[in-house]
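Per-entry structural report
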Amino acid sequence: MALRYVVKKTTFGFDKEKAEKYVARPFNVVSVDFKMLCNQVTAVGFVPRGVVKSVLDGLIDSLKTYMEIGASVSLGEFGTFRPSFGCKSQDEEGEVGTDTLRNRKIIFTPGSLLKDMINKVSIQKLDTTSKNSTVPPSGGEGGGEEEGGGESPDPTL
């Protein structure tokens, strides 16, 4: 298995010329939803789907509980979740307040298991010119959206 990419023309707005350049963008065949993930864990872990769903729901609820108080939550080799936000800079210390906070987010830092995977996986250019390609030449930018009608990892879905 390999990660695939497509080449996209992109306009960069940070330079005065608004230069158009070509960049590689990840191509995601399918977006895996919660049901698909539970089914896959059931298949590889030999645990009933209801148990998998209950455990994952409990994990999500627990992550939420701890991050609401500002805790960083480590899931061992999987990685760590932590709440964060940005802030608009101010000239004076007293001007910094909750109204200057921006971009609330959850930061995920992968652990050794996922870092090793991403560093070792091969990367290939997606051939959009092939007759057997399920992707139109203009399709497939990535970002988690289902593109190109690729095969679902779980044939029962």
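Residues numbered from 1 in each chain as written. Predicted model: local features only at pLDDT ≥ 70, side-chain atom pairs only at ≥ 80, totals over all residues. Heavy atoms only, no water.

1. What about the sheet that holds strand β3 (residues 73–74)?
Pairing is antiparallel in the open sheet, where three strands are placed in the order β3-β4-β5. Looking at strand neighbours, the two that pair on one side only are β3 and β5 (101–110), the edges of this open sheet. Here eight bridges tie strand β4 (residues 79–87) to β5, and the two strands are oriented antiparallel to one another. Following the sheet pairing, F81 is matched in β5 by F108. (Pairing = 2+ DSSP bridges. Helix = DSSP H or I, 4+ residues; strand = E, 2+ residues; numbered from the N terminus.)

2. Details of a nonpolar patch on the surface
Taken together, L3, M117, I118 and I123 make up a surface patch of nonpolar side chains, about 370 Å² in accessible area. Tracing the backbone shows I118 in helix α3 (residues 112–120). You can call I118 partly exposed: its relative accessible area is 44%. (Patch = residues over 30% accessible without salt bridge, like charges linked within 9 Å, V, L, I, M, F, W, Y side chains within 5 Å. Areas by Shrake-Rupley, 256 points an atom, 1.4 Å probe, with all protein chains shown as cover. Salt bridge = Lys/Arg side-chain N within 4 Å of Asp/Glu carboxyl O. Buried < 20%, exposed > 50% of the residue type's maximum accessible area, 1.4 Å probe, protein only.)

3. Some details on helix α1 (residues 34–45)
Compared with the 16 Å implied by 1.5 Å per residue over 12 residues, the 16 Å span of α1 between its first and last C-alpha is a close match. Taken together, the buried positions of α1 are occupied by M36, C38 and N39. Along α1, the residues classed as buried sweep out an arc of 160 degrees about the axis, all on the same side. Against the buried residues of α1 lie α2 (49–68). With a side-chain oxygen lying 3.3 Å from the backbone nitrogen of K35, the N-terminal cap of α1 falls on D33. Looking one or two residues past α1, F46 carries a phi angle of roughly 55 degrees, positive in sign. (Expected span 1.5 Å × (residues − 1). Arc of directions from axis to C-beta. Contact = heavy atoms within 4.5 Å. Polar contact = N/O pair within 3.5 Å; in protein donor to acceptor, adjacent residues only side chain to side chain.)

4. Let's talk about the pattern of salt bridges
Taken as a whole and assessed by the stated rule, the structure comprises three salt bridges. A salt bridge links K9 to E20, with the nearest nitrogen and oxygen atoms 3.6 Å apart. Taken as a pair, K9 in strand β1 (residues 2–11) and E20 in strand β2 (residues 20–27) lie far apart in primary sequence, 11 residues in all. For K64, the salt bridge is made with E68, and the minimal N-O distance between the two is 3.5 Å. Here E68 and K64 lie together in helix α2, a separation of four residues that amounts to about one turn. Pair check on accessibility: K64 and E68 agree, each one exposed.

5. Considering the sheet that holds β1
Strand order across the open sheet formed by three strands is β2-β1-β6, with mixed pairing between neighbours. Of all strands in the sheet, those with a lone pairing partner are β2 and β6 (122–125), marking the two edges. Strand after strand, the sheet turns through a mean of 40 degrees between neighbouring axes, direction not considered. Pairing between β1 and β6: four bridges, direction parallel. (Axes fitted to C-alpha atoms, helices over the stretch in contact; angles between N-to-C directions.)

The quantities given are spatial measurements derived from coordinates; they are silent on function.
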